[in-house]
Amino acid sequence: MCWIRYGRSLRQNEMKKDKNIILDNFIWRFAERCGAQLVTAVVTLLLARILMPEDYGRTALVAVFINILQVFIDSGLGTALIQKKDADDLDFSSVFYFNFAVCLVLYAGMFIAAPYIAAFYKDPSLTPVVRVASLTLVFSGVKGIQAYVSRNMLFKRFFFATLGGTLFSAFLGLGMAYAGFGVWALVAQQLSNTAIDTLILWLTVHWRPKAVFSWQRLKGLLSYGDCWLPPCWIPYTIICAAL
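Residues numbered from 1 in each chain as written. Predicted model: local features only at pLDDT ≥ 70, side-chain atom pairs only at ≥ 80, totals over all residues. Heavy atoms only, no water.

**Quick notes on the environment of Gln 216**
Mapped onto the elements, Gln 216 comes out in helix 10 (residues 215-224). Between the alpha carbons of Gln 216 and Ser 94 there is a distance of 9.6 Å; along the sequence they are 122 residues apart. (Helix = DSSP H or I, 4+ residues; strand = E, 2+ residues; numbered from the N terminus.)

The following block contains the structure:
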């Protein structure tokens, strides 16, 4: 009887501990979202009083292309990796390297397409803006470590990374706007936000990709998510099916 009571007590303590962990991570995630949105809203209002509408127009045109490509980076393999029950370093490393390679290819495409995008909008000044702003795609590839953070519920790391990136980019963007850099203030703000966010994650999370890679694991992760495969996974499916 004592052993039964001890077992029940142990299970209850584990359940209570799990609930506390979930609640704690929810609070950190909520604080991250609210803090970042608040800072972003204030900075946006301040920048709107300094910069010209044309500056926002140029960054908006570039953002259209970057946001479309970002869909292929943010969705798919990372989600399947988080859902997989027995994911190990081979899975994490394979997904990290593959996503990073995809990001490099996407950036190369944007770099080459920049003059054509500028010609389409009849604005030659867009060429360097597209090429520099598209570097966020490369940082997104390095930021693939966030799949490990989400799976292990290390949302406290997300809080410091997101808030650190948001605050740093806010001061940088405002400083450059006041100095008269125009559209480059917005580009620097967006780029530094992603860069600092990624840097803080790498400094605070101890996991690093191993020197291993498996095409079979990648295919397995894709097939694992076939039942809820969204359209943005199609490029991944085509690439892995050809391997």
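**Brief notes about the packing of aromatic side chains**
Counted under the stated rule, the structure contains 10 aromatic pairs. With a centroid separation of 6.2 Å and 85° between ring planes, the pair formed by Phe 98 and Trp 215 is classed as edge-to-face. Separated by 117 residues along the polypeptide, Phe 98 in helix 4 (residues 89-120) and Trp 215 in helix 10 bring together distant segments of the chain. On the basis of relative accessibility, which here comes to 6%, the residue Phe 98 falls in the buried class. These aromatic residues form a ring-pair network of at least three members: Phe 96, Tyr 97, Phe 100 and Trp 202. (Phe/Tyr/Trp six-rings, centres within 6.5 Å; stacked < 30°, edge-to-face > 60°. Buried < 20%, exposed > 50% of the residue type's maximum accessible area, 1.4 Å probe, protein only.)

**Quick look at helix 5 (residues 126-133)**
Those residues of helix 5 not exposed but buried are Leu 126, Thr 127, Val 129, Val 130 and Ala 133. The arc that holds the buried residues of helix 5, viewed along the axis, is 170°, so those residues lie on one side. (Arc of directions from axis to C-beta.)

**What about the nonpolar core?**
Core analysis: the biggest nonpolar cluster contains 40 residues, and Val 62, Leu 81, Met 110, Leu 137 and Leu 201 have the highest contact counts within it. Taken together, the elements giving at least two residues each to this core come down to helix 2 (53-74), helix 3 (77-83), helix 4, helix 5, helix 7 (146-151), helix 8 (155-178), helix 9 (183-204) and helix 10. Ranked by the residues each element gives to this core, the list is headed by helix 4, at 11 residues. Counting residues in hydrophobic clusters, the runner-up holds 11 residues, among them Leu 47, Ala 170, Ala 177 and Leu 186. (Core = buried A, V, L, I, M, F, W, Y, C linked by side-chain atoms within 4.5 Å.)

**Focus: the confidence of the model for the chain**
Per-chain confidence: the chain averages 80 in pLDDT, with 81% of residues scoring 70 or above. When pLDDT is averaged over each helix and strand of the chain, the minimum, 45, is found for helix 11 (residues 234-241) and the maximum, 94, for helix 5. Confidence over residues 225-243 falls short of pLDDT 50; this stretch has 32 contacts with residues more than four positions distant or in other chains. (pLDDT = per-residue confidence, 0-100. Contact = heavy atoms within 4.5 Å.)

**Describing a nonpolar patch on the surface**
A contiguous nonpolar patch, built from Leu 23, Phe 26, Ile 27 and Phe 30 and spanning about 440 Å² of accessible area, is present on the exposed surface. Along the chain, the position of Phe 26 falls in helix 1 (residues 2-50). (Patch = residues over 30% accessible without salt bridge, like charges linked within 9 Å, V, L, I, M, F, W, Y side chains within 5 Å. Areas by Shrake-Rupley, 256 points an atom, 1.4 Å probe, with all protein chains shown as cover. Salt bridge = Lys/Arg side-chain N within 4 Å of Asp/Glu carboxyl O.)

**Some thoughts on the environment of Trp 184**
Tracing the chain through its elements places Trp 184 in helix 9. Judged by relative accessible area, Trp 184 falls into the partly exposed class, the value being 31%. Sequence spacing of Trp 184 and Pro 128 is 56 residues, and the spatial spacing of their C-alpha atoms is 10.0 Å. When sequence neighbours within four positions are dropped, the list of residues in contact with Trp 184 reads Pro 128, Val 129, Val 132 and Met 176.

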